[in-house]
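# Structural characterization, general
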Amino acid sequence: MVLKMETSTSPTINSTSSKLCIVISGPTLNEAREQVHKACPKADVIEFRLDQFQFSQHYAIESLKASSTVPVIFTLRKRSQGGEFTGDEQERLDQILRFATLEPDYFDLEYDVNEDFYEELVSVSPNTQIISSFHDFSGAPIELKPVLEVMKQLPASIYKISTMANSTLDALKMLRFVKENAKRGTRIVGICMGEHGHSTRILGPIFGSEIIYATLSDGLKTAPGQLTADDLVNCYGYKKINKETSILGLIGDPVKKSPSHGTHNFVIKHLGINAIYLKFLVAPRDLHDFLEVAKRLDFKGLSVTMPLKEYVKKELSEPSKDAETIGAINTLKFSHKTLEGFNTDGKGALDAIEEVTNVKEKTIVLLGAGGAAKAIAWVAKERGANLVILNRSIVKAEELGKQVDARYGALSEFSDFAAEGYDILINCTSLGMFSDQPKLPIDCGEMLDEKVVMDIIPGHEPTQFIEEAKKKRCVTIQGNDMLMLQAVEQFKIWFNNTLPTDKLKEAFKEAFQIN
């Protein structure tokens, strides 16, 4: 049987752009009314999760629908598809037909209902558009194309696929699937649930996802990984996202504590750039596949944090100077399906220091020999500094020391090198970043008085390393100063030096709350 959808005369969602849907979950009638009142000024459409309401009287649902100033979706979700309806299936179907007589603008219907019921629903409310939905909470790998083919056996207005993401790569694959099908004219919604799926809820408008679902508050979430409408609008600039919006982001593991989604999107908004910046949790094992899909999705650029700074070298389209000399990459730029790599860590750190003192012919002691230390060491060498590299593993200290023609030793030897004197001390280790680790790389009682001390660990509050330096009356530089200036360099790379440096610095200082 081939069913034909009636042409709707009710308010519709514009098929050329995504619309923000705020979910109304009640559970009481008064709470649902209050949610509708708060949601309508923010939303393009609202969804009544009827299965979560503690009331089902016809007049109550009718009055609630009448109070909405935007189109309304009705959903009565069964448990196997993530809903809260407690009755049997026949009871649920009977209630769907009863609610359909209220002629909602949309009815979300599970993809596996039989054709006879579908035809009855269309006859009861011919002007209601059907959203055919599929939910998979198992987290098992799933082929999306066959799912959509099965769903299309019933001619819905919109097809909604929602699956649990095991990785950020799953989310990017969903976005690619949405992009491909939207280009073919299919009205589609693609969502990945869970922490890894945030990007599908934020980037959907760029790739043609018809509806983006959100809630009024964290306490009202109806699906894993759902974001609030205020987060989408205020942090990510949802209302201005379009198909020309450039995609930027941070990749690494972990990325949860990074403030970059807030700071970078603040700068984007402040300067009026048509771009968006997200955090992507990417493990080394997923890096290659992630970058391949990112190319196909026309990403513009990425910041790279641990542990990926050295892994990304082999992903570059051709070796870069930074990859060959520093050996670590913290900035990726996509250009015509190619991938270029840069490192702005060193320049950011040295620029922050040179706002305080010139480094030429000064002695700098670097604590650590990882990716950030390598970048700082190379730029410091280029600017004429004398270097000392100290690391827990003296083998790594020796390796970097020989590369940049510096003296080297173990962290345990700090007092010996301090006795010889230094001008600038930089903590490039991660000690102090995580609560389950020691906070100090050295005995800070052996720090020299009144020197310049930097800790590259970001944050608004001074680290213990910086606090100890202040006790020695040192001039201190916190990690956010470096993070800010290296981010300025990244934006200049991504946008081909078309952005004014002074305005970038001003915006980032405000974003990082740096005086």
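Attention now moves to helix α18 (residues 501-512). Relative to the 16 Å expected for 12 residues at 1.5 Å per residue, α18 spans 16 Å between its end C-alpha atoms, a close match to the ideal helical length. Three or more residues of α18 are buried, namely L504, A507, F508, A511 and F512. Buried residues of α18, viewed axially, fall in a sector of 125°; they line one side. Residues of α18 that are buried in the fold lie against α9 (260-271) and α17 (479-494). Looking one or two places after α18, you find Q513, whose phi comes out positive at around 55°.

Looking now at the packing of aromatic side chains. The full count for this structure, using the stated rule, is 15 aromatic pairs. Ring centres 5.7 Å apart and planes at 40° place the aromatic pair F280 and F299 in the tilted group. You can see F280 sitting in strand β11 (residues 275-281) and its partner F299 sitting in the loop between α10 (287-296) and β12 (301-304), a full 19 residues away along the chain. Classification of F280 as buried rests on a relative accessible area of 1%. On the basis of relative accessibility, which here comes to 3%, the residue F299 falls in the buried class. Their ring planes at 50° and their centres at 6.1 Å tell us that F414 and Y422 sit as a pair that is tilted. The exposure class of F414 is buried, given its relative accessible area of 1%. Aromatic rings pair up to connect Y277, F491, W494, F495, F508 and F512 into one cluster. One Lys or Arg, R98, reaches over the ring of F99 and ends 4.9 Å from the middle of that ring. Here the guanidinium or amino end of K160 rests over the ring plane of Y213, the centre of that ring lying 4.2 Å away.

Turning to the sheet that holds strand β19 (residues 452-455), a few remarks are in order. Taken in spatial order, the six strands make up an open sheet running β17-β16-β15-β18-β19-β20, and their pairing is parallel. The sheet terminates laterally at β17 (407-410) and β20 (475-477), the two strands that pair on one side only. For this sheet the average axis-to-axis angle between neighbouring strands, irrespective of direction, equals 15°. For strand β18 (residues 424-427) and β19, the ladder comprises four bridges, and the chain directions are parallel. Bridging from a neighbouring strand, L425 pairs with V453 of β19. Each of β15 (363-367), β18, β19 and β20 is contacted by helix α16 (residues 464-471), which is oriented at about 170° to β19, the strand it contacts most.

A few words now on the packing of helix α6 (residues 168-183) against helix α7 (residues 198-207). One way to put it is that α6 packs onto α7 with a least axis distance of 10 Å and a crossing angle of 25°. What the angle tells us is that α6 and α7 run roughly parallel. As α6 packs across α7, the resulting crossing turns out to be right-handed. Across the interface between the two elements, A171, L172, M174, L175, V178, K179 and A182 from α6 touch S199, T200, L203, G204 and F207 from α7. Across the contact of α6 with α7, the residue classes break down as eight nonpolar, three polar and one charged.

Conventions used here
- Residues numbered from 1 in each chain as written.
- Predicted model: local features only at pLDDT ≥ 70, side-chain atom pairs only at ≥ 80, totals over all residues.
- Heavy atoms only, no water.
- Helix = DSSP H or I, 4+ residues; strand = E, 2+ residues; numbered from the N terminus.
- Expected span 1.5 Å × (residues − 1).
- Buried < 20%, exposed > 50% of the residue type's maximum accessible area, 1.4 Å probe, protein only.
- Arc of directions from axis to C-beta.
- Contact = heavy atoms within 4.5 Å.
- Phe/Tyr/Trp six-rings, centres within 6.5 Å; stacked < 30°, edge-to-face > 60°.
- Lys NZ or Arg CZ within 6 Å of the ring centre and 35° of its normal.
- Pairing = 2+ DSSP bridges.
- Axes fitted to C-alpha atoms, helices over the stretch in contact; angles between N-to-C directions.
- Parallel < 35°, antiparallel > 145°, perpendicular 65-115°, else oblique.
- Left-handed = near helix turned anticlockwise from the far one by under 90°.
- Nonpolar A, V, L, I, M, F, W, Y, C, P; charged D, E, K, R; others polar.

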